[in-house]
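Now for the letters of each chain:
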Amino acid sequence: MEILVCVKRVPDTSENEIGVNSAGTDIDRDDLVYSVNEWDNYAVEEAIQIVDRVGGKVTVVAVGDSESEEVLRREMAMGANDGLLLSDDSFGGSDGKGIATILKAAVKKGNYDLVLTGAQADAGAGQVGGMLAAMLDQPYASLVNSIEIINDKTLKVGREIEGGNQEMNEIQMPCVLSIQTGINEPRYVGIRGIRKVASVEIPVLGALDLGVSSGSVGSAGAKVKVQDYFVPQLGKGAEILEGSTEEIIDKLIELLKVKGGLK
Amino acid sequence: MAQIFAYITHKGGAADDTAFELAAAAKKIDAGAALTAIVTGTGADLNTVCNALTAAYNEVWKIDNQALAYPNAEVIRKALVNILPTDGIVLLPHDTFGMDLGPGLSIKMDSAFVADVVGIEGVDGTTLKLVRQEFSGQVSTHVTCDASAGAVLNIRPGVCQPGEIKPVGGQVVDKSGSVGDLAVGRKFLEIVKAEVGDIDITKSEVLVSIGRGIEDQENIEIATQLAEAMGADLSCSRPIVDAKWMEKSRQVGTSGQTVKPKVYLAMGISGSFQHLGGIKGSPFMIAVNKNPKAPIFQVADVGIVANILEFMPELTEKINGL
């Protein structure tokens, strides 16, 4: 089976506190640690496990600048066979549809039975997979948390729905699936694995190579644009307990007693 | 402004809570708009839902078709593309169904798409000004959406409260004949119900709930000891279940259990909306997190900025000494 997995380089929220820069034009990007989007990592693991079972090849693709190469290499160290970087100055400022347009062009250059994306990334939109499927006229299922291969044309996929329930579907290939975390346990990648793929060449395709017109992607093609960033105020905010740890614990225990939190 | 449509999800003859929330969202886009609800399904339940919606929607488009008996987003997308004007504004709930439907629908309608809208600030001509969040709610953004050729907006459940409904006396319009061919490459098979765990956290009065801040499976013991000292039950957020450290039945959130405790201790939980969506009944919420910017501090009643791995053992010791 030929599988393409779309991955994104994102600020690692387990390593960083995300704040807003002083001008409010972006998040504060000073000293951020980046990594592969967590959902995408599960998608790559799933693709590798499928190919381990039935044979085939896993290609990882990213839209981004040259720094995205490091996440492609990381996923190749996990076991993805090939990497592909889609990079062009005109891609900057793309909205979800722009990213899907770029990825669609890359999908069309290959012969993939299955395209996987993470269910969502840093912006929390969860949109690229569904858009890509619609552009390709292929079936789509989102939030997939199990994949079973029925035959070379059909998959049985579980979707995670509300309340911890699972919605089972049969889906025809070629198709696009967005992968939910928890579907598997992504393997650990050691420094050795990364070294092994350090010198593997990763092809870079630009707008011309892909046949993507500049008006359809980037900020020029974007109907949806982020105007500014700010720190949200959802509720009135918590009363922050201050003082020494002992003082805080004493206050907390008093509160727990009043509110019925101690039995 | 273009015509505004809301797709209504329903179950067992009752419209989802989001049905009236989407009507409230539509009024924020255009206070004077005539609203249209679209409801798909089959049989008596469908009629019941449609009739109930005429209170908030001027028109209720009913689509009765056996192929729509289960809400398969792929089938519904085909039906919607055939009946909607391409410049319409379509509102969907941002839940596991809306996430399945919205992105692809926007492509087929060749319109703009905005996911997980948490605020609607206004309209300037055909440009919508919306509020979203990124990084699990750590930062918010103002977003503009060019809706001149239509738009699909996924609205986060719970953010547009309907308030009192002034009945508009709408009418049901049967659009069943207009949906065209509904053949798709994805077939719904069945729902597999969540496994029942050893403890039913939906009945717990006091929950100690742990998140990523627990760092390691071995540290769960620290939280277990605190829960025991308090007479509380132990629950968790999604990453703990993804890591297979605790059972799915202990997960609080929209994709896990919906809990209604009196007191909720969020330990090392950042507070994504999916997690908060699983906490009902306004419990007294205490959040402990080492990140002072964690979104959980905005919704908690009391916050403590601390490393839970150091804080919990001290709290346990003190409670045991009472």
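Because the structure is predicted, anything quoted here is derived from the model rather than measured. (Residues numbered from 1 in each chain as written. Chains lettered and ligands numbered in written order. Predicted model: local features only at pLDDT ≥ 70, side-chain atom pairs only at ≥ 80, totals over all residues. Heavy atoms only, no water.)

As a further point, take the overall build of chain B. If you tally the helices and strands in chain B, you get nine helices and 18 strands. Over its C-alpha atoms, taken along the principal directions, chain B stretches across nearly 70 × 45 × 35 Å. Every one of the 322 residues in chain B was classed for burial, and the buried ones make up 57%. Sequence separation of 24 or more characterises 63% of the internal contacts of chain B that already satisfy a separation of 6 or more. Element-wise, carbon and sulfur atoms account for 48% of the exposed surface of chain B, whose accessible area totals about 12300 Å². Mean positive and mean negative side-chain charge positions of chain B (27 and 37 charges, respectively) differ by 3 Å. (Helix = DSSP H or I, 4+ residues; strand = E, 2+ residues; numbered from the N terminus. Buried < 20%, exposed > 50% of the residue type's maximum accessible area, 1.4 Å probe, protein only. Contact = heavy atoms within 4.5 Å. Areas by Shrake-Rupley, 256 points an atom, 1.4 Å probe, with all protein chains shown as cover. Lys, Arg positive; Asp, Glu negative; His and termini not counted. Charge placed at Lys NZ, Arg CZ, Asp CG, Glu CD.)

To summarise the sheet geometry, strands pair through backbone hydrogen bonds and adopt either a parallel or an antiparallel arrangement. Spatially, four strands are ordered β12(A)-β10(B)-β9(B)-β8(B) in an open sheet, and the strand pairing comes out antiparallel. A strand with exactly one partner marks an edge of an open sheet, and here the two such strands are β12 (224-230) of chain A together with β8 (119-124) of chain B. Across this sheet, the average inter-strand angle for adjacent strands is 25°, counted without regard to direction. Bridge count for β12 of chain A against strand β10 (residues 139-146) of chain B is six bridges, and the pairing is antiparallel. Bridge pairing links valine 224 of chain A to cysteine 145 of chain B in β10 of chain B. (Pairing = 2+ DSSP bridges. Axes fitted to C-alpha atoms, helices over the stretch in contact; angles between N-to-C directions.)

A separate point is the environment of glycine 79 of chain A. Note on placement: glycine 79 of chain A falls in the loop between α2 (69-78) and β5 (82-86). Measuring from C-alpha to C-alpha, the distance between glycine 79 of chain A and lysine 57 of chain A comes to 9.8 Å, with 22 residues separating the pair along the chain.

A separate point is helix α4 (residues 96-109) of chain B. All names here are of chain B. Over its 14 residues, α4 runs 21 Å from end to end, which matches the ideal 20 Å to within 8%, given 1.5 Å per residue. The sharpest bend along α4 reaches about 25° and sits at glycine 102, with the proline proline 103 one to four residues further on. Taking burial as the measure, the 14 residues of α4 include 13 buried ones, the bulk of the element. (Expected span 1.5 Å × (residues − 1). Bend = angle between axes of the 7 residues up to and from the residue.)

One open sheet holds the six strands; their spatial order is β13(A)-β18(B)-β17(B)-β16(B)-β14(B)-β15(B), and the pairing between them is parallel. If you trace the sheet from one side to the other, it starts and ends with β13 (239-240) of chain A together with β15 (233-236) of chain B, each paired once. Pairing geometry for strand β14 (residues 206-210) of chain B and β15 of chain B, over four bridges, is parallel. Bridging across to β15 of chain B, leucine 207 of chain B finds its partner in aspartate 233 of chain B. With respect to the sheet, helix α5 (residues 220-230) of chain B is in contact with β14, β15 and β16 (263-267) of chain B, its orientation differing from that of β14 of chain B by roughly 170°.

Counting residues at the interface gives 81 residues for chain A, matched by 84 residues for chain B. Around 7400 Å² of area is buried between chain A and chain B when both sides are counted, 56% of it from carbon and sulfur atoms. Contact with chain B buries area across many residues of chain A, yet Lys223, Phe230 and Lys263 of chain A alone supply 8% of it, more than any other trio. Where chain A meets chain B, there are nine salt bridges. Across the salt bridge formed by aspartate 110 of chain B and lysine 97 of chain A, the nearest N and O atoms sit 2.8 Å from each other. Counting every contact that joins chain A to chain B gives 45 residue pairs in polar contact (both at pLDDT 80 or more). (Buried area = accessible area lost by both parts, 1.4 Å probe. Salt bridge = Lys/Arg side-chain N within 4 Å of Asp/Glu carboxyl O. Polar contact = N/O pair within 3.5 Å; in protein donor to acceptor, adjacent residues only side chain to side chain.)

Another aspect to go through is the domain arrangement of chain A. Here chain A is described as being made up of domain 1 (2-221) and domain 2 (235-263). Relative placement of domain 1 of chain A and domain 2 of chain A: their C-alpha centres are 43 Å apart. (Domains from an automatic or database assignment.)

A separate point is the pattern of salt bridges. The tally for this structure, following the rule as stated, stands at 28 salt bridges over all chains. With its nearest N and O atoms 3.9 Å apart, the salt bridge here joins glutamate 246 of chain A to lysine 318 of chain B. Of this pair, glutamate 246 of chain A sits in helix α8 (residues 245-259) while lysine 318 of chain B sits in helix α9 (residues 308-320), placing the two residues on different chains. In this structure lysine 318 of chain B comes out as partly exposed when scored by relative accessible area, which is 30%. When the shortest N-O distance is used, the salt bridge between aspartate 116 of chain B and arginine 156 of chain B registers 2.9 Å. Remark: arginine 156 of chain B occurs in the loop between β11 (151-155) and β12 (171-174) and aspartate 116 of chain B occurs in strand β7 (residues 112-117); sequence separation between them is 40 residues. Classification of aspartate 116 of chain B as buried rests on a relative accessible area of 3%. Relative accessible area serves as the criterion here: at 8%, arginine 156 of chain B is assigned to the buried category. Look at the salt bridges and you will find they share partners, linking Arg159 and Glu167 of chain A together with Asp100 and Arg186 of chain B into a network.

Quick look at helix α3 (residues 73-83) of chain B now. All names here are of chain B. Within α3, eight of the eleven residues are buried, leaving the element largely enclosed by the surrounding structure. Listed as buried for α3 are Ala73, Glu74, Val75, Ile76, Arg77, Ala79, Leu80 and Ile83. Sitting at the amino-terminal end of α3 is asparagine 72, which places a side-chain oxygen 2.9 Å from the backbone nitrogen of glutamate 74.

Attention shifts here to the packing of α5 of chain B against α9 of chain B. Residue and element names in this part refer to chain B. The interhelical angle for the contact between α5 and α9, taken along N-to-C directions, is 30°, at an axis separation of 9 Å. In terms of axis orientation, α5 runs roughly parallel to α9. Two packed elements cross with a definite hand, and for α5 against α9 that hand is left-handed. Along its contact with α5, which presents Ile222, Ala223, Gln225, Leu226, Ala229 and Met230, the element α9 presents Leu309, Met312, Pro313, Leu315, Thr316, Ile319 and Asn320. Class assignment for the residues of the contact of α5 with α9 results in ten nonpolar, three polar and no charged. (Parallel < 35°, antiparallel > 145°, perpendicular 65-115°, else oblique. Left-handed = near helix turned anticlockwise from the far one by under 90°. Nonpolar A, V, L, I, M, F, W, Y, C, P; charged D, E, K, R; others polar.)

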